[in-house]
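# Structural overview
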Amino acid sequence: MKYFSIDYRSPPSGMGQIIDNQQPKMIGDKYNFILVDYGTDDCDSPYYIETKFFHSEQAEQEGWAGPVYPEIIQYLRDQGVTHVNDGELKYEYDGANDKGFFTIDRWAEIMLGFTG
């Protein structure tokens with residue numbers, strides 16, 4: 001399964017990582033994940049094989065990804081992501097399994113509801 005794992009920790013963890021559990025976890029000394037982040041400090045992380053950054057002064061000022069959620073969700077879909085693991089949102093909304101995985105469609109519905 002290819003999924004997006006929301007990361008609520010501080011940088012350099014970014015907003016989250018795209019993980020394909022059919023692929024090796026590491027390539028050399030880097031995580032074989034795509035780091036997804038947003039804001040105005042768009043630099044590549046040395047810990048991941050790739051970084052996808054969504055530049056947004058508005059998101060930086062507001063302190064959340066809301067202004068770029070449509071672009072992030074489309075990018076996740078384009079990457080073949082089918083599920084989103086959100087360990088906090090699972091307590092607030094229905095639709096997640098017992099491990100906190102939402103379908104990408106359900107997660108998008110929730111997140112775009114915040115911005116609508």
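Residues numbered from 1 in each chain as written. Predicted model: local features only at pLDDT ≥ 70, side-chain atom pairs only at ≥ 80, totals over all residues. Heavy atoms only, no water.

### Some thoughts on the pairing of strand β2 (residues 16-20)
Among the five residues that make up β2, four are buried, leaving the element largely enclosed by the rest of the structure. As paired elements, strand β1 (residues 2-6) and β2 share five bridges and run antiparallel to each other. Across the sheet, the residue bridging to tyrosine 3 is isoleucine 19, located in β2. Across three bridges, the pairing between β2 and strand β4 (residues 30-39) is antiparallel. Each residue of the ladder has a partner; that of isoleucine 18, found in β4, is isoleucine 34. (Buried < 20%, exposed > 50% of the residue type's maximum accessible area, 1.4 Å probe, protein only. Helix = DSSP H or I, 4+ residues; strand = E, 2+ residues; numbered from the N terminus. Pairing = 2+ DSSP bridges.)

### Remarks on the nonpolar core
Ranked by internal contacts, the top residues of the largest apolar core, which has 23 residues, are Phe4, Met15, Ile18, Ile72, Leu76 and Trp107. Elements represented by at least two residues in this core include exactly β1, β4, α2 (69-78) and α3 (104-115). Of all hydrophobic cores here, the second largest spans six residues; its members include Ile19, Phe33, Leu35 and Tyr48. (Core = buried A, V, L, I, M, F, W, Y, C linked by side-chain atoms within 4.5 Å.)

### A word on the packing of aromatic side chains
This model, assessed by the stated rule, comprises seven aromatic pairs. The interplanar angle of 35 degrees and the centroid separation of 5.8 Å between the aromatic rings of tyrosine 31 and tyrosine 48 together place this pair among those described as tilted. A residue pair is termed long-range when its members are at least 10 positions apart, and tyrosine 31 in strand β4 and tyrosine 48 in strand β5 (residues 48-55) qualify at 17 residues. Where tyrosine 69 meets tryptophan 107, the ring centres are 5.8 Å apart and the plane angle is 85 degrees; that geometry is what we call edge-to-face. (Phe/Tyr/Trp six-rings, centres within 6.5 Å; stacked < 30°, edge-to-face > 60°.)

### Looking at a nonpolar patch on the surface
Together, Met26, Tyr31 and Tyr47 line one region of the surface with nonpolar side chains, adding up to about 280 Å² of accessible area. Positionally, tyrosine 47 belongs in the loop between β4 and β5. Tyrosine 47 sits in the partly exposed class, given a relative accessible area of 45%. (Patch = residues over 30% accessible without salt bridge, like charges linked within 9 Å, V, L, I, M, F, W, Y side chains within 5 Å. Areas by Shrake-Rupley, 256 points an atom, 1.4 Å probe, with all protein chains shown as cover. Salt bridge = Lys/Arg side-chain N within 4 Å of Asp/Glu carboxyl O.)

### A few points about the pattern of salt bridges
Evaluation of the coordinates by the stated rule reveals three salt bridges. Taking the shortest distance from any N to any O, the salt bridge between arginine 77 and aspartate 105 comes out at 2.8 Å. Pair noted here: arginine 77 is in helix α2 and aspartate 105 is in helix α3, with a separation of 28 residues, a long-range link. According to the relative accessible area criterion, arginine 77 is partly exposed, its value standing at 36%. Salt-bridge contacts for aspartate 94 lead to arginine 106; the nearest nitrogen and oxygen are separated by 3.0 Å. With aspartate 94 in the loop between β6 (83-85) and β7 (101-103) and arginine 106 in helix α3, this pair connects stretches of sequence that are twelve residues apart. Given a relative accessible area of 18%, arginine 106 falls into the buried group. When salt bridges with common partners are traced through the structure, they connect Asp94, Arg106 and Glu109 into a single cluster.

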